[in-house]
Each structure stands twice: as C-alpha cells, then as structure tokens.
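Survey of secondary and tertiary structure
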Amino acid sequence: MVARLVSAPFTRFLYQKWKGFSREVSSRELVRRARGAATVMTALTPPSAVKRVLLVVAMEQEVRPLVQRFGLEQIQPSPFLRGAPFVAWMGEVEGLVLHVVWCGRDPRFGNVNNVATTAASVCLYAAVAAFGAPDLCISAGTAGGFASSGARVGDVYLSSKCVFHSRRIPDAAGHLEEYGFGHYRSPPLGKLASHIGVKTGVVSTSDSLDAVPMDLELMRSEGTSIKEMEAAAVAWVCQTLSVPFVALKSVTDIVDGPRATREEFEANLEAASLVLQVKTDALLRAVAGTLLAQWANDGSRTAPAAPAAPAAPAAPAAPAAPAARRATDGTDGTTTTATNNSAPPPAAEAPRAIPTVVDSSSSSVAMSIGPDGQSFEVLRV
Ligand code: ADE
C-alpha cells in the first residue's frame, strides 16, 4: 500500500523530499528533539485530584521532623523484602494518604544513612510495589544551592526539572548522552511555589557531595539552582512508572560559596530539615484534593483559577495551545507553558478549590542568619 502510494509521481516527489530532509537533520537537531521528547514524557500531571502522596527521604535527620510533624505511624512489620533497609511510615494530612519512606542505614559502614541514587531508586520502587502508585511522589531532602542562581542557605526549592550532572555517555546520535543527562521535567507548579513561599529551579543529581570542574560546567550550562544526590534517580523511576514527580529541597550549603561543603552542610542540616518540614507541610495541605494542573503557573502569568464556590468543583487551569510550548531545556524551565498538563479530563470526583490563604501558623518560619551570612538558625516553625 505504501509502495503504491509512493509510486505516484507527486507523492514520490514529496516522499523523496521528506527523506532528504530527514537525512540532513543535524545531530544537534536530533538532540534538541530528544530533549523535547523527554520534556513531554516526564512532566506528568494526573487528571484526578491528589489523594495519595509518597515522600522519599534519604537521611534520618531529614525524615524524623516529618514523621513527628505529621504524627506518622511506622508500618510494621516492614512491607519490604527481608533485608531491605528501608523504613516506611503512613498517616493522613488534610485528607491525603501520606506514605513516607526513608532509605535506612548501612551497617557495613558505621551505620551511615543510605544516601545517593542507588538506594533512593530501589527504595522508591519498593515503596510503589508495596503501596501502589501515588498521585504524586516527592523527593524531599537537603541540598547544596548555587548563589549564582540566587540560592541562599535556608531557601527551599521545588524542581522545575531534574538532571544528572555526572552521567556523561557520548554517542553518535546523542541519545545516550541525553539519557545520561535525564531531563526529567516536573509538572509546572509555579503557582504552588509562590503559594507556599519556595523557589523553583533545576535540580541536579550525582553520587558525590563534591563536584569536579566538568560537573560544575554542566550544572552552570543548565542554569542549575540545586545540587543534591537523589532527585533525578527518583525521577527516573517515577517516569518509568508514570508517577508525577517533584523534588522539594532545602539548602544547607552554597556550592559556589567560600565555605567547605561538608562543614557547611553539617552545620545547617538540622535547621534546613526543619525548614523542609514546614514547607512540606504547606505543600501537602495546599495540594490535598486539588488537581496539580491547578498549580501550573504563577498568578502573574495567567489569571488565577477562579476559586470555586463551596459546592462547586474548582475550574481546572485552561489548557494552552500545543504550539505555545516553549522548549526551555538548558534553562530553568520555569518559563515552560503548561501544555503538557493539557486540560485534564473531568475528574472522577470534584477536586478541591485551591485554598486562597496559606495557613501561616503552619508555614511561617523565622531564621536568624549567622555573622558569616550563611549559617542560620530556625527561630519559629
Ligand atoms: N546535600 C547537601 N548539600 C549537598 C551538596 N553540596 N551536594 C550534594 N548533595 C548535597
């Protein structure tokens, strides 16, 4: 059939032209297309209201404040395979079913926290296998921030996208290279970020606390705000399992600042974990029962979704025309128009309207910045 069609003179002319064009496409163009594809595939926004959230956390110092704040119960006996070091808790926040999983410790090496990508991805996979796919997965934790991108110690960031900065896999077509880098787009949640008082930016992951010059160059070229050790690995699992994903990271240290990373990280871990606790609380209370698409843009770019009358469902954010999507790979990505969150089909159940006021008692945090301008203390949470 195709051969018959192609044999018609005019169709053959068009076909030859198309073939010629496709052969002439440069490898840079192929890379651009691969990035575009990754972008579309990874920014999943579910068509139904958020009712089940899964938090993945690497360090006990980060998870304890969360367990305490939400009054979570540890799930016992362990829902994981015998020998798996992961620990799971469950609870309820604003009507949401919340599961929190911590990657546990490794007794072979002084009982250290199971930080970095391997444990985080296996832990998340095991949690989804045990509890089912959530409506939203959050990689929550502490991180380094780039002062050159405006980050300060004590800031909290929501990911616009997550990448790997140390997986360099060059290949002829550029596909492995792009696979290595990852480009896991988070749902655009600018309005949510403004609502809970956090920043948005690119989160870059590797298995190292330090960074070699090539890592730094890649992060800089990507406009990275946050450097950490789990998010992109969790994002890969989420993309594979079609689970919407975002990273929420609290800054302990400044990657391009004067202090030694380990010292600054250790000095600020506790305070940054408390700030993370506060912002996680605000985020969960905000998204509970809403469509993620409702949080797509900040109010300055589009008219806010009309608050619904008590009995009526909130209007979902209007879909942008597909042509309006702007490729922003290589940038922060927060400028992306929300077309991949194209209008959700009617939800099975009415989503909750976006709350108009953040409960300040559960979201405010006062900090005292130390004389060095970088260490800080949480005064009120
Ligand atoms: N976690 C906290 N600070 C970090 C940094 N600078 N790099 C990687 N992970 C981190």
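To start, this report covers the structure provided alongside it. (Residues numbered from 1 in each chain as written. Predicted model: local features only at pLDDT ≥ 70, side-chain atom pairs only at ≥ 80, totals over all residues. Heavy atoms only, no water.)

What about the site of the ligand?
The cut-off we apply is this: By convention in these notes, a residue is near a molecule or strand provided one of its non-hydrogen atoms lies within 4 Å of it. N or O atoms closer than or at 3.5 Å make up a polar contact, with two conditions inside protein: a donor-capable atom paired with an acceptor-capable one, and, for residues adjacent in sequence, both atoms drawn from side chains. All accessibility values rest on the Shrake-Rupley procedure with a 1.4 Å probe; residue burial counts only the protein chains present in the view. Residues are said to line a cavity or pocket when one of their atoms sits within 4 Å of a point; the points come from a 1 Å grid over protein atoms alone, cavities being sets where a 1.4 Å probe fits but cannot get out and pockets being open sets with protein on both sides within 12 Å along at least five of seven lines. Pocket occupancy is defined atom-wise: a molecule lies in a cavity or pocket when more than half of its atoms are within 2 Å of its grid points.
Taken together, Thr 142, Ala 143, Gly 144, Ser 208, Leu 209, Lys 227, Glu 228, Met 229, Thr 252, Asp 253, Thr 261 and Phe 265 make up the full set of residues near the ligand. Measuring from a nitrogen atom of the ligand, one finds a backbone N or O atom of Gly 144 at 3.2 Å. At 3.4 Å from a nitrogen atom of the ligand is found a main-chain nitrogen or oxygen belonging to Leu 209. Contact with the protein chains removes 95% of the 260 Å² of surface that the ligand exposes when unbound. Assessed atom by atom at 2 Å from the grid points, the ligand resides in the largest pocket.

Quick notes on the pattern of salt bridges
Note the threshold: The term salt bridge refers to a pairing of a side-chain nitrogen on Lys or Arg with a carboxyl oxygen on Asp or Glu at a separation within 4 Å. Only DSSP runs of H or I with at least four residues qualify as helices, and only runs of E with at least two residues qualify as strands; both kinds are numbered from the N terminus onward. A 1.4 Å probe rolled over the protein chains alone gives each residue an accessible area, and that area as a share of the maximum for its type sets the label: buried under 20%, exposed over 50%, partly exposed in between.
Considering all chains together, one arrives at 12 salt bridges under this definition. Among the ionic pairs, Asp 281 bridges to Arg 69, the shortest N-O distance being 2.6 Å. In this pair, Asp 281 is assigned in helix H10 (residues 261-287) and Arg 69 in helix H4 (residues 60-70), connecting sequence segments 212 residues apart. Since its relative accessible area comes to 25%, Arg 69 is described here as partly exposed. It is possible to trace a salt-bridge network through shared partners that takes in Arg 69, Glu 94, Asp 281 and Arg 285.

Details of the layout of surface pockets
Put simply, the test is: Grid points are joined across faces, edges and corners, and a volume is the space filled by probe spheres set on the points. Amino acids outside the nonpolar list (Ala, Val, Leu, Ile, Met, Phe, Trp, Tyr, Cys, Pro) and the charged list (Asp, Glu, Lys, Arg) are all regarded as polar, and Gly is one of them.
Roughly 510 Å³ of volume is contained in the largest pocket. For the largest pocket, the lining is made up of 32 residues, of which Met 59, Val 115, Leu 209, Met 229 and Phe 265 are closest to its centre. Of all elements in the fold, only strand S1 (52-57), strand S6 (112-113), strand S7 (136-145), strand S11 (224-228), strand S12 (245-254) and H10 reach the threshold of two or more residues within the lining of the largest pocket. Class assignment for the residues of the lining of the largest pocket results in 15 nonpolar, eight polar and nine charged.

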